[in-house]
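Understanding the architecture of this molecule
Given next are the chains, with one letter for each unit.
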Amino acid sequence: MKPRVAKLDSMNFASKNLEAYFSNDDYIIETVKSVGVFEPTRWVKVFKSKLTRNIVEAKILHTSTGLTIPLKRYSRSPQTQVIEFAGLHGYNERSKLLSELLQGLKEQIQHEQVTRLDVAIDFKGNIPNKVIKKLCSKDREPFKFMNTIYYKSSSEKKQNYYMNIKTYSKSNKEKLSEEINRLEFVFMQDYLKKIQIKDIEKSFKRMEKSIKKFSGLEVQISFL
């Protein structure tokens, strides 16, 4: 049976000064949280989420194509700046522009460290019952938060640095006419170790095995 295609939907990577990649007229960087600056309502307005306490610095990268991308420093590693390319696999113009931006940066960022990879598996209609049953095995229980269902083991806390599994309606999120539901595996820093962008595809086989272990699905991950 041919493996189902799984798409890379989000990628975070980190460096001491990511802003150096965006120091030309195509970009504007807006500071929202830093020494002497704190504008939490601005962050909520742009990203529809609150600034959490563990974010010690927050900036917004504005691109000439109209994208807004978060740049953060966390209390866990305040010397490191993290950029979030979230929504690479969507059904809208933003996803296309985001993918083009990342593709354009690819050669420059080869040695930066990947801190998070979200792998999306989309289903037309409902996610099969056999997949849901498999997700609920291995000591994992579903719980709903907002419009997303998370599958966590009893040993995992609300936030962890290894892996998260979740499902949600992509149709509702993007207001699509077609019913599409998404299964998403979020591989975090402790899972990824210290992999660099140039070696990212070497991690795919391990991630594919993890997806099969927890969902029963044979997948092949596609990067951009």
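Scroll up to find the structure this text is about.
Since the structure is predicted, the reported quantities are computational estimates derived from the model, not experimental observations.

All right, on to the environment of D25 then. With respect to the helices and strands, the residue D25 is situated in the loop between β1 (4-15) and β2 (27-34). Note on D25: relative accessible area 80%, which makes it exposed. Note: C-alpha distance between D25 and L224 (199 residues apart in sequence) is 26 Å.

Here the focus is the nonpolar core. Counting 47 residues, the largest nonpolar core has M11, F85, L183 and F185 as the members making the most contacts within it. Here F85 is in contact with D9, S10, M11, N12, F13, I69, L98, L101, L102 and L105, once residues within four sequence places are set aside. If you look at the next biggest cluster of nonpolar residues, it comprises seven residues, including V32, W43, F47 and A58.

A cluster of nonpolar side chains, F143, F145 and M146, forms an exposed patch at the surface whose accessible area comes to about 350 Å². When you line up the elements, F145 lands in strand β8 (residues 140-145).

Once that is clear, we can look at the packing of aromatic side chains. With the rule as written, the count across this model stands at eight aromatic pairs. Ring plane angle 15 degrees and centroid distance 5.9 Å describe the contact between F13 and F85, whose orientation is recorded as stacked. Note that F13 is positioned in strand β1 and F85 in strand β6 (residues 77-86), a separation of 72 residues in sequence. A relative accessible area of 1% means that F13 is categorised as buried. On the numbers, 5.2 Å between centres and 65 degrees between planes, the contact of Y162 with Y191 is edge-to-face. Here Y191 lies in helix α5 (residues 189-192) and Y162 lies in the loop between β9 (148-153) and β10 (163-169), a separation of 29 residues in the sequence. Put simply, the rings of Y162, F185, F187 and Y191 pair up and form one aromatic cluster. Above the plane of the ring of Y161 lies R76, whose end atom (NZ or CZ) is 3.9 Å from the centre. One residue, R206, lies across the ring of Y191, its end atom 3.8 Å from the ring centre.

In this section: the pairing of strand β7 (residues 113-124). By the criterion of burial, β7 is predominantly enclosed, with nine of the 12 residues buried. Where β1 lies against β7, seven bridges are found, and the strand directions are antiparallel. Of the residues in β7, the one forming a bridge with L8 is V119. Here β7 runs beside strand β11 (residues 180-187); their pairing, made up of eight bridges, is antiparallel.

Our next topic: the layout of surface pockets. Of the volumes computed, that of the second largest pocket is approximately 260 Å³. Residue lining of the second largest pocket: 13 residues in total, with M1, K130, G216, L217 and E218 positioned closest to the centre. Tallying contributions element by element places helix α3 (residues 129-135) first for the lining of the second largest pocket, with three residues. Its residues placed into classes, the lining of the second largest pocket shows six nonpolar, two polar and five charged.

Cut-offs used in this document
Residues numbered from 1 in each chain as written. Predicted model: local features only at pLDDT ≥ 70, side-chain atom pairs only at ≥ 80, totals over all residues. Heavy atoms only, no water. Helix = DSSP H or I, 4+ residues; strand = E, 2+ residues; numbered from the N terminus. Buried < 20%, exposed > 50% of the residue type's maximum accessible area, 1.4 Å probe, protein only. Core = buried A, V, L, I, M, F, W, Y, C linked by side-chain atoms within 4.5 Å. Contact = heavy atoms within 4.5 Å. Patch = residues over 30% accessible without salt bridge, like charges linked within 9 Å, V, L, I, M, F, W, Y side chains within 5 Å. Areas by Shrake-Rupley, 256 points an atom, 1.4 Å probe, with all protein chains shown as cover. Salt bridge = Lys/Arg side-chain N within 4 Å of Asp/Glu carboxyl O. Phe/Tyr/Trp six-rings, centres within 6.5 Å; stacked < 30°, edge-to-face > 60°. Lys NZ or Arg CZ within 6 Å of the ring centre and 35° of its normal. Pairing = 2+ DSSP bridges. 1 Å grid on protein atoms, 1.4 Å probe; cavity = no way out; pocket = protein on both sides within 12 Å on 5 of 7 lines; lining within 4 Å. Points joined across faces, edges and corners; volume = space filled by probe spheres on them. Nonpolar A, V, L, I, M, F, W, Y, C, P; charged D, E, K, R; others polar.

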